[in-house]
Protein chains: 2
Amino acid sequence: MYTQMPRFAIIGHKAVTTPDFSLNDMPGGAGRMDVLCRCINTSFFLSHDLRRNVECYLILRGGDEDITLRFSGDTIRSLNPDERSAGALIKKGLTTPAEDQFKKAAGGIVIRKGGLAKLLSEYPFAVLDENGEDIRSPETLPENYILSDHVNFTEEETELLNDLPRYSVGPRVLHADHTITVIQNELDRREQQ
Amino acid sequence: MYTQMPRFAIIGHKAVTTPDFSLNDMPGGAGRMDVLCRCINTSFFLSHDLRRNVECYLILRGGDEDITLRFSGDTIRSLNPDERSAGALIKKGLTTPAEDQFKKAAGGIVIRKGGLAKLLSEYPFAVLDENGEDIRSPETLPENYILSDHVNFTEEETELLNDLPRYSVGPRVLHADHTITVIQNELDRREQQ
């Protein structure tokens, strides 16, 4: 048995940090929040079940200062697979004012100030990179993965990520949410062995 | 080089067949149309690109008679990754009255009457089944895959699918859209070899 708590952290470069966005315009006014909603979906959903051992971190960079929301599979409530459902939970999470430490914002959701640097100081993360090692190859895989939304990591982020191990999910560059699905499938297969 | 035209056909058991559904209530009033929207996303999207060689068939069973919409990657227009974008194209496709033969409904979208039996008479399909052969195992993989939405195949469908080859994407049962992502990844890897 191969027990893990996989963590997926996705950087939303333009994603807003206030709850006043419209669920009808998540790609536009909310700064590609739709990408982050799909990452929540692929982090947690199994057929008629949730992956209770997973944590998903959204690093929202579209406001005055970075905000991090953490979703925990073991305590998340009211999450359905559609994008609007995840968007509604992000809105709900953002109604709680962020402080330096994580604070409960809703069932299974906590919020704090800070972004990538803070998270990297807490857990060892790997980075998804088309030139990284194929995730099917290594004997053991990392638990924790950093992904970017629809744009590349910034120079400042790249600097922070520079010394981390790099993995690829295959010959084509995929959307962040699809990348999470492929990693989950690889982790599922290894857990079964 | 391994050239293919993968086809993904997804049965939407409750999915409506008229365009008067709300993009704000695709899981409810539109009969879990959100599942089909996500399957369109994972059939076609690469990072900053589309899979031009793919066809995606939606078999809508929530009306008086079955309707099939076909989306073609080589000619599809105005498709963005968010669920509402795919939903808007489904709505647009459904404004064209269906006849027995495929008829153009929008750029890259055609519509016709009929469902699973008709499609199975045209192409050899494989079925996704948790007890099927692991897609990583066989020397060659099928091009065409039938999937169900959030519910199991009906008895009538199971009868039609009974003699088809069956494949599994891994040890856990996944949502239809996630299953498509895993198949695409396996096809990508084989194409590269």
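Calculation notes
- Residue numbers run consecutively from 1 along every chain, following the written order of its sequence.
- Chains and ligands are labelled sequentially in the order written, the chains with letters from A and the ligands with numbers from 1.
- With the structure being a predicted model, the display of local features is reserved for residues of pLDDT at least 70 and the display and counting of side-chain atom pairs for 80 or more, all residues being used for whole-chain, interface and lining totals.
- Side-chain numbers here rest on the full set of heavy atoms in the structure, without hydrogens or water.
- Labels follow the DSSP assignment, with helices taken as runs of H or I lasting at least four residues and strands as runs of E lasting at least two, numbered in each case from the N terminus.
- What a helix should span is 1.5 Å times the count of its residues minus one.
- Here's how the labels work: a residue is buried when its accessible area is under 20% of the maximum for its type, exposed when over 50%, partly exposed in between, all with a 1.4 Å probe on protein chains only.
- Axes here refer to lines fitted to C-alpha atoms; in helices the fit is confined to the stretch in contact. Angles between the N-to-C directions go from 0 to 180 degrees.
- Angles below 35 degrees are treated as roughly parallel, those above 145 as roughly antiparallel, those between 65 and 115 as roughly perpendicular, and all remaining angles as oblique.
- The contact criterion used is simple: two residues touch if any of their non-hydrogen atoms lie within 4.5 Å.
- The residue classification treats Ala, Val, Leu, Ile, Met, Phe, Trp, Tyr, Cys and Pro as nonpolar and Asp, Glu, Lys and Arg as charged. All others, Gly included, are polar.
- We superpose the copies by least squares over the C-alpha atoms of residues that have a pLDDT of at least 70 in both of them.
- Accessible area, probed at 1.4 Å, shrinks when two parts are joined; the buried area is that loss added up over both.
- By definition here, a salt bridge exists when the distance from a side-chain nitrogen of Lys or Arg to a carboxyl oxygen of Asp or Glu is within 4 Å.
- Counted as a polar contact is a pair of N or O atoms within 3.5 Å, where, for protein atoms, one must be capable of donating a hydrogen and the other of accepting one, and residues adjacent in sequence contribute only when both atoms are in side chains.
- Strand pairing requires that DSSP identify at least two bridges connecting the strands.
- Patch membership requires over 30% relative accessible area and the absence of a salt bridge. Like charges are linked within 9 Å, and nonpolar side chains (Val, Leu, Ile, Met, Phe, Trp, Tyr) within 5 Å.
- Accessibility throughout is a Shrake-Rupley quantity obtained with a 1.4 Å probe, and a residue counts as covered only by protein chains that appear here.
- This count recognises Lys and Arg as positive and Asp and Glu as negative, with His and chain-terminal groups excluded.
- Here the site of a charge means atom NZ of a Lys, CZ of an Arg, CG of an Asp or CD of a Glu.

A.B. asks: Would you mind showing me how to read helix α1 (residues 33-44) of chain A here?
C.D. replies: Along an α-helix, residues three or four positions apart point the same way, because every turn accommodates 3.6 residues. All names here are of chain A. With twelve residues, α1 extends 17 Å from end C-alpha to end C-alpha; this agrees with the ideal 16 Å at 1.5 Å per step. Most of α1 sits out of view: twelve of its twelve residues are buried. For α1, the full list of buried residues reads Met33, Asp34, Val35, Leu36, Cys37, Arg38, Cys39, Ile40, Asn41, Thr42, Ser43 and Phe44.

A.B. asks: Hey, could you run me through the packing of α1 of chain A against helix α2 (residues 83-94) of chain A in this one?
C.D. replies: The relative placement of two packed helices is expressed as an angle between their axes plus a distance between the axes. Residue and element names in this part refer to chain A. In contact at an axis separation of 8 Å, α1 and α2 are set at 105° when each is read in the N-to-C sense. With respect to α2, the element α1 is oriented roughly perpendicular. Between α1 and α2, the contacting residues are Met33, Asp34, Cys37, Arg38 and Ile40 on the first element and Glu83, Ala86, Gly87 and Ile90 on the second. Grouping the amino acids of the contact of α1 with α2 by side-chain chemistry returns five nonpolar, one polar and three charged.

A.B. asks: Honestly, the packing of helix α5 (residues 176-192) of chain A against helix α5 (residues 176-192) of chain B in this entry has me stumped. Any pointers?
C.D. replies: Look at α5 of chain A against α5 of chain B: their axes get within 9 Å of each other, and the N-to-C directions meet at 80°. Taken together, the axes of α5 of chain A and α5 of chain B are roughly perpendicular relative to one another. Taking contact as the criterion, the partners of His178, Thr181, Val182 and Asn185 of chain A in α5 of chain A are, on α5 of chain B, His178, Thr181, Val182 and Asn185 of chain B. Here the residues of the contact of α5 of chain A with α5 of chain B sort into two nonpolar, six polar and no charged.

A.B. asks: Please explain the environment of Asn131 of chain A as it appears in this structure.
C.D. replies: Residue and element names in this part refer to chain A. Within the secondary structure layout, Asn131 lies in strand β8 (residues 126-134). Classification of Asn131 by relative accessible area gives exposed; the value is 69%. Distance from Asn131 to Arg166, taken between C-alpha atoms, is 7.7 Å for residues 35 residues apart in sequence.

A.B. asks: It is not clear to me how the relation of the copies chain A and chain B should be interpreted in this structure. Could you clarify?
C.D. replies: If you rotate chain A by 180° and push it 0.0 Å along the axis, it lands on chain B with an RMSD of 0.0 Å. Such values leave the two copies arranged in the relation of a two-fold axis. Scanning chain A for the C-alpha nearest the rotation axis identifies Val182 of chain A, at a separation of 3.0 Å. Both copies present the same face, since 100% of the interface residues in chain A are matched by interface residues at the equivalent positions in chain B.

A.B. asks: I keep staring at the interface of chain A and chain B and nothing clicks. Help me out?
C.D. replies: Many descriptions give the size of an interface as the accessible area lost when the pieces come together. Contacts between the two partners involve 37 residues from chain A, matched on the other side by 38 residues from chain B. Across the chain A to chain B interface the summed buried area is about 3400 Å²; carbon plus sulfur atoms make up 50%. Contact with chain B buries surface across chain A, with Arg136, Arg172 and Arg189 of chain A losing the most and accounting together for 19% of the total. Taken together, the links from chain A to chain B amount to eight salt bridges. Linking chain A to chain B there are 25 residue pairs in polar contact (both at pLDDT 80 or more). Residue assignment for the side of chain A that touches chain B shows that the elements contributing at least two residues are α1, β2 (45-46), α2 and α5 of chain A. When its residues are assigned to classes, the side of chain A that touches chain B shows eleven nonpolar, twelve polar and 14 charged.

A.B. asks: How should the pairing of strand β1 (residues 7-12) of chain B be read in this particular structure?
C.D. replies: Each regular strand displays side chains that alternate between the two surfaces of the sheet. Residues and elements named next belong to chain B. Counted residue by residue, β1 has six buried out of six residues, so it is predominantly covered. In this sheet, strand β4 (residues 55-60) lies alongside β1 in parallel orientation, the contact comprising six bridges. By the bridge assignment for β4, Ile10 is matched with Leu58. As judged from the five bridges shared by β1 and strand β9 (residues 144-148), these two strands associate in the parallel manner. Bridging across to β9, Ala9 finds its partner in Ile146.

A.B. asks: Any chance you could explain the sheet that holds strand β1 (residues 7-12) of chain A here in plain terms?
C.D. replies: Strand pairing in a sheet relies on backbone hydrogen bonds. The paired strands run either parallel or antiparallel. All names here are of chain A. If you walk across this open sheet you meet the eight strands as β6-β7-β5-β4-β1-β9-β8-β10, and the pairing is mixed. For this open sheet the edge positions go to β6 (103-106) and β10 (166-168), each flanked by a neighbour on one side alone. Ignoring strand direction, the axes of neighbouring strands in this sheet form an average angle of 40°. The strands that α1 touches are β1, β4 (55-60) and β5 (67-72); relative to β4, the one it contacts most, it runs at about 170°.

A.B. asks: Sorry if this is basic, but what is going on with the pairing of strand β9 (residues 144-148) of chain A here?
C.D. replies: Residue and element names in this part refer to chain A. Buried residues dominate β9, accounting for five of its five residues. Taking every second residue as pointing to the same face, both faces of β9 are buried, with Asn144, Ile146 and Ser148 on one and Tyr145 and Leu147 on the other. Where β8 lies against β9, two bridges are found, and the strand directions are parallel. Its bridge partner lying in β9, Ala126 is registered against Tyr145.

A.B. asks: How should a positive patch on the surface be read in this particular structure?
C.D. replies: There is a patch of like positive charges on the surface, built from Arg52, Arg77, Lys92 and Lys104 of chain A. When you line up the elements, Arg52 of chain A lands in the loop between β3 (49-50) and β4.

A.B. asks: Mind showing me how you'd approach the sheet that holds strand β10 (residues 166-168) of chain B here?
C.D. replies: Residue and element names in this part refer to chain B. Taken in spatial order, the eight strands line up as β6-β7-β5-β4-β1-β9-β8-β10 in an open sheet, and their pairing is mixed. The sheet terminates laterally at β6 (103-106) and β10, the two strands that pair on one side only. Averaged over all pairs of adjacent strands, the angle between strand axes in this sheet comes to 40°, irrespective of strand direction. Contacts from helix α1 (residues 33-44) reach β1, β4 and β5 (67-72), with the element oriented near 170° to β4. Along the sheet, α5 contacts β1, β8 (126-134) and β9; its crossing angle with β9, the most-contacted strand, is approximately 160°.

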